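Structural description and commentary
Below are the chains, spelled out letter by letter.
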Amino acid sequence: MAKIITRFAPSPTGYLHIGSVRSALFSYLYAKKNGGKYFLRIEDTDKTRSKIEYEKDIIAGFQTLGLNWDNETLYRQSDHIAVYSALIKKLIAEDKAYVSKEEPKEEGERSEVIRLRNPNKKVTFTDLVHGEVSVDTTDLGDFVIAKSVDEPIFHFANVVDDHEMGITHVIRGEEHLSNTPRQILIQEALGYDKLAYAHIPLVLASDRSKLSKRQGSVSLREFLDKGYLSEALLNYLALLGWHPSHDKEIFTMPELISAFELERVQKRGAIWNFEKLDWVNKEHLKMNRETAENKIQEVLFKTLNLNPGTVDKNVLDAVVNIVFERINKFSDINELVLNNEVQYFFEEPKWQKDGFLWKGQGAFHEIADKLSAVEKLLGAMEGNYSKETIKETIWPYAEKEGRGFVLWPFRYALSGLAKSPDPFVIAEILKKETTVTRLKSAINFLTNES
RNA sequence: GGCCCUAUCGUCUAGGCUGGUCUAGGACAGCGGCUUUUCAAGCCGUUAACUCGGGUUCGAAUCCCGAUAGGGCUACCA
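Residues numbered from 1 in each chain as written. Chains lettered and ligands numbered in written order. Predicted model: local features only at pLDDT ≥ 70, side-chain atom pairs only at ≥ 80, totals over all residues.

The name an unreviewed UniProt entry assigns to chain A is Glutamate--tRNA ligase. Per UniProt, the comment on chain A under Catalytic activity (unreviewed entry) is "tRNA(Glu) + L-glutamate + ATP = L-glutamyl-tRNA(Glu) + AMP + diphosphate". For the record of chain A, the UniProt heading Sequence similarities (unreviewed entry) holds the text "Belongs to the class-I aminoacyl-tRNA synthetase family. Glutamate--tRNA ligase type 1 subfamily." (UniProt positions renumbered as here; feature names shortened; annotations may be inferred.)

Following this line, the structure appears as structure tokens:
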């Protein structure tokens, strides 16, 4: 069996689109699954829209994702103009194409372009996901294949390069399904062999329109910036339009490669779902817990402006652990910090009197008394100061007074928040001395200005 | 408009080729409960779908036709 060679051929006219990444991923997976090769080709025949900045973004994106291409040097269409040029001249000489005089309709249009002589036949090809597709190409007319002898347009350069690179399987987005017949016509004019095609369904926005730049985050860069893991992103992308033969959903890259089958690719466009992506990302975070915790720590230092030298290692570990449970992706850490959900571990919170009220009930002086009782119990503790021992110490008193009436203000005194981890956990992290100090300070706050 | 593609829970999907075992399965989200105060995490449970109309057949989510709806292409963009 001939070796399978797939490719991903982006045009550098914008930042790498997340939907393009999926096309690339499917090409990559199919090649790797079958022991073949996966190539990258930069399609920059449109000189006015192509920018080196975008090319760099595309290349950097794939490097970050680890979707490494197998061609040794980067294949860029602008480096192969001479090849297209010779072929266009050949087609003209064979009268399979001709120079056509035109009436320029828009600015920039030429008065002379090169058109293919359309044999006006019915073209049939087999698509690996859609099955047999057949189209009467008469409607296409003598379409343009180049603006001039050395300015081929997409369809022409694309066909030539697939042949030059030895591509066997063209796996690309469904928007190209309608372009395939004309590319086959060019192929036939050039005398090239047929290729296998697989047109994968598009990634859609929630209203089923094509996911475009207008609908928010669509570039890979933005997702990476939000702190999604590459493997999670790739995992989610794979599930969008493909399904394994079992119910497994969380995959590592090697697992994806061995499970992937083009036969199980969906025909219908799939709507992008941020919630599911978050879930997939969280699952990957759990699989890479240590890496994730290091990253959380790093972000915490930065956003909270902490001095690594002065922060207690145990405190930090405990806080990292709490943060880990509350995030789906790294950018969520910034939100936690923005909402003051971690600062209280490092500094006294700012209280609101009403915040101490359990279900809006009670008098402030009573609450102060309860906090005072808690503070004394804790202050008298000796030996091991852990969430378990703290709980054992406080529990009988809480039971007696009504749990909520003791535990809620206790927790609020420590965190200053309506929602936070339970007081025993916080108290352990804060350590005995800080817990006691903070309780006293809270009591002071409650009694002073009442 | 023309041509092409598509159609199962809100979303991603299994099943459809090889009709009955599908009173349609899983996951995310939602909802409810448990986890001895709130949140998070976890666990358990639960709501929810075969676009419609014909046909073939003893029998159709599954096969055929049509309608409808959505998407793509229709560039001297890719």
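Read on, since the account is not over.
A few words now on the sheet that holds strand 4 (residues 97–101). In a beta sheet, neighbouring strands are held together by backbone hydrogen bonds and run either parallel or antiparallel to one another. The strand order across the open sheet formed by four strands is 4-5-8-9, and the pairing between neighbours is antiparallel. One side of each edge strand has no neighbouring strand; the edge strands of this open sheet are strand 4 and strand 9 (151–152). With five bridges joining them, strand 4 and strand 5 (residues 112–116) adopt antiparallel strand pairing. Directly across from tyrosine 98, in strand 5, lies its bridge partner arginine 115. Contacts from helix 3 (residues 81–93) reach strand 4, strand 5, strand 8 (144–148) and strand 9, with the element oriented near 90 degrees to strand 4. (Pairing = 2+ DSSP bridges. Helix = DSSP H or I, 4+ residues; strand = E, 2+ residues; numbered from the N terminus. Contact = placed C-beta atoms within 7 Å. Axes fitted to C-alpha atoms, helices over the stretch in contact; angles between N-to-C directions.)

Now for the environment of asparagine 120. On the secondary structure map, asparagine 120 appears in the loop between strand 5 and strand 6 (122–127). Along the chain, asparagine 120 and glutamate 388 lie 268 residues apart, while their C-alpha atoms are 82 Å from each other. Contacts of asparagine 120, omitting those with residues within four sequence positions, involve Thr137 and Thr138.

With that out of the way, let us pick up the domain arrangement of chain A. Once the domains are mapped, chain A shows domain 1 (5–202), domain 2 (213–286), domain 3 (289–345) and domain 4 (353–448). Its C-alpha centre places domain 1 at a distance of 26 Å from the equivalent point of domain 2. Listed per partner, the contact involves 23 residues of domain 1 and 24 residues of domain 2. Mapped onto the side of domain 1 that touches domain 2, the elements with two or more residues apiece are helix 1 (18–33), helix 2 (52–65) and strand 11 (196–200). The biggest single contributor to the side of domain 1 that touches domain 2 is helix 1, with eight residues. Here the residues of the side of domain 1 that touches domain 2 sort into 14 nonpolar, five polar and four charged. (Domains from an automatic or database assignment. Nonpolar A, V, L, I, M, F, W, Y, C, P; charged D, E, K, R; others polar.)

With that settled, consider the protein's contact with RNA strand B. Around RNA strand B lies a shell of 57 residues, among which Ser11, Glu43, Glu109, Phe154 and Asp422 are the nearest. Looking at the surface near RNA strand B, the elements that each hand over two or more residues are strand 7 (131–136), strand 8, strand 13 (270–271), helix 9 (274–287), helix 11 (313–326) and helix 15 (403–415). With five residues, the single largest contributor to the surface near RNA strand B is helix 15. Across the surface near RNA strand B, the residue classes break down as 19 nonpolar, 13 polar and 25 charged. (Near = placed C-beta within 6 Å.)

Let us look at helix 13 (residues 364–379). Taking 1.5 Å of rise per residue, 16 residues should cover 22 Å, and helix 13 covers 22 Å from first to last C-alpha, within 8% of that figure. Taken together, the buried positions of helix 13 are Ile367, Ala368, Lys370, Leu371, Val374 and Glu375. Burial along helix 13 is one-sided: seen end-on, the buried residues are contained in an arc of 160 degrees. In this structure, helix 13 carries His365 and Lys376 as exposed residues pointing more than 90 degrees from its buried face. Of the surrounding elements, those touching the buried residues of helix 13 are helix 14 (387–401), helix 15 and helix 16 (423–448). (Expected span 1.5 Å × (residues − 1). Buried ≥ 20, exposed ≤ 12 C-beta atoms within 10 Å, placed from the backbone. Arc of directions from axis to C-beta.)

Our next topic: helix 14. Taking 1.5 Å of rise per residue, 15 residues should cover 21 Å, and helix 14 covers 20 Å from first to last C-alpha, within 8% of that figure. The sharpest bend along helix 14 reaches about 40 degrees and sits at isoleucine 394, with the proline proline 396 one to four residues further on. Positive backbone phi, at 105 degrees, marks glycine 402, one or two positions downstream of helix 14. (Bend = angle between axes of the 7 residues up to and from the residue.)

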